[in-house]
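So the chains spell out like this:
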Amino acid sequence: MSYSSDADQDFIAQAMPAFISEAAEQIEAIETLLLELEEQPDNRELLDSLFRCAHTVKGSAGIFGLNRVVEFTHHVETLLDKMRDGDIALTPDISTLLLQCNDQIKFLVDTAADEGADTPEQKSDRADLVTQLQALTDPAAAADVVSTGGAKTDNTTVQTPEGGLRIWTISARFGPETFRNGMDPLSIARYLRDMGRVVSVRCGSETVPPLVNLNPESCYLSFFMELETTANREDIEGAFSFVLDDCELDVVAPETEGQRMAPCD
Amino acid sequence: MSDRFELPSELNIYSALESRDALLTWVTAQMAKAKGYLEISARDVVEVDGSGLQLLAALSNMEQTWHLVEASEPFAEACRTLGFGDWLDPLYLKSHSGESNP
């Protein structure tokens, strides 16, 4: 569910340069770290830093609703996570793949505001990268994508296991009146946390004005959370029921990106 | 003026204006001294809400870098919950009673 308004567009326009600049730094760091890792493939600290960079890009992109960046970077993050767990070792091929993925992330960030730049060729290249990533992290799923004749798109209709644990991505931008109305994003984050397991959560400080310009009673906060839970969409959106008039909320089940969950639970 | 800023025990919407002014005054004075980075302590924080954390998010958007050097457990829990876990950087954070990570 998405609530767009002029105020939201203003918010995005104002904060987007900060996001692009921060993301550019992370992307540059990813490249440097990958090159360092080629020299020292067993360096755990480098791998952790690499994961954090990718994770930061994904989290910030989520706050801005840049779903193409979030979706693609998620696949990269999954591979990095398996490498951290020691399930997959860094080979020269994987290193090359990750560098190509980083270029793709850079492209998606640079063209975040320009849907037209995402040409069919770009989409096809990206789908190839995702297939290669999945071949490493989840060979069965990758085979499935190939057999269904192409890449996953926003309209994918993969079924999720019913009633099971699912990882929801929740992106919330709170309106300026939130605090004055007696509401608190922190309380909502706590409420969500208690519904399951928080895989990740990131609050965007790029959306907050510098201290010198801050009206401390206005709310500028937004967060992006990945929540593993058996709860359904209604339960999750319920956490926001008291702020919905003054909040932009996106709740997405990744397996059903772009598709509204049927209330069948 | 001390070298670090002690956040108040109540870091919430009720004290937001006052806390913001105190923090900004201190930061401005520190910037004049051209220090490497600012040290913020949340040792005494008992009550904290989103508006309190927002003050530090706003500080992050000033030119001067800052690091958290002490954190009470309620403050650390709030940071982790809302997604400001990066502030709890063990490189700068002196472990405090409650949670310590050897």
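For clarity, every value in this text was computed on a predicted model and none was experimentally measured.

Q: Mind showing me how you'd approach the pairing of strand β3 (residues 38-42) of chain B here?
A: In summary, the side chains of a regular strand alternate between the two faces of the sheet. Residues and elements named next belong to chain B. For β3, the tally of buried residues reaches four of five residues, placing the bulk of the element in the interior. Sheet analysis places strand β1 (residues 4-6) next to β3, joined by three bridges and oriented parallel. Its bridge partner lying in β3, F5 is registered against I40. Here five bridges tie β3 to strand β5 (residues 66-71), and the two strands are oriented parallel to one another. Paired with E39 across the strands is H67, a residue of β5.

Q: Teacher, can you tell me more about the sheet that holds β1 of chain B here?
A: Hydrogen bonds along the backbone pair up the strands of a sheet, which may run parallel or antiparallel. Residues and elements named next belong to chain B. In spatial order, the strands read β1-β3-β5; together these three strands make up an open sheet with parallel pairing. Each of the sheet's edge strands pairs with one partner strand only, and the pair in question is β1 and β5. Going from strand to strand, the sheet's axes swing by 25° on average, the running direction of each strand aside. Contacts from helix α1 (residues 16-32) reach β1 and β3 within the one sheet, and its direction differs from that of β3 by about 150°.

Q: Even after reading the chapter, I still don't get the packing of helix α2 (residues 50-60) of chain B against helix α3 (residues 73-82) of chain B, so can you show me in this structure?
A: All names here are of chain B. One way to put it is that α2 packs onto α3 with a least axis distance of 11 Å and a crossing angle of 80°. The angle between the axes of α2 and α3 places the two elements in the roughly perpendicular class. Listed contacts from α3 to G50, L53 and L56 of α2 are F75, A78, C79 and L82. Taken together, the residues of the contact of α2 with α3 sort by class into six nonpolar, one polar and no charged.

Q: Explain helix α7 (residues 185-193) of chain A here, please?
A: Since the α-helix packs 3.6 residues into each turn, any two residues three or four apart lie on the same face. Those residues of α7 of chain A that fall on the buried side of the exposure criterion are P185, L186, I188, A189 and L192 of chain A. Projection of α7 of chain A onto a plane perpendicular to its axis shows the buried side chains occupying an angular sector of 160°, all on one side. Buried residues along α7 of chain A sit against β1 (166-174), β3 (222-229) and α8 (233-238) of chain A together with β4 (47-48), α2 and α3 of chain B. Measuring from the side-chain oxygen of the N-cap residue of α7 of chain A to the backbone nitrogen of L186 of chain A gives 3.0 Å; that N-cap residue is D184 of chain A.

Rules used throughout
Residues numbered from 1 in each chain as written. Chains lettered and ligands numbered in written order. Predicted model: local features only at pLDDT ≥ 70, side-chain atom pairs only at ≥ 80, totals over all residues. Heavy atoms only, no water. Buried < 20%, exposed > 50% of the residue type's maximum accessible area, 1.4 Å probe, protein only. Helix = DSSP H or I, 4+ residues; strand = E, 2+ residues; numbered from the N terminus. Pairing = 2+ DSSP bridges. Axes fitted to C-alpha atoms, helices over the stretch in contact; angles between N-to-C directions. Contact = heavy atoms within 4.5 Å. Parallel < 35°, antiparallel > 145°, perpendicular 65-115°, else oblique. Nonpolar A, V, L, I, M, F, W, Y, C, P; charged D, E, K, R; others polar. Arc of directions from axis to C-beta. Polar contact = N/O pair within 3.5 Å; in protein donor to acceptor, adjacent residues only side chain to side chain.

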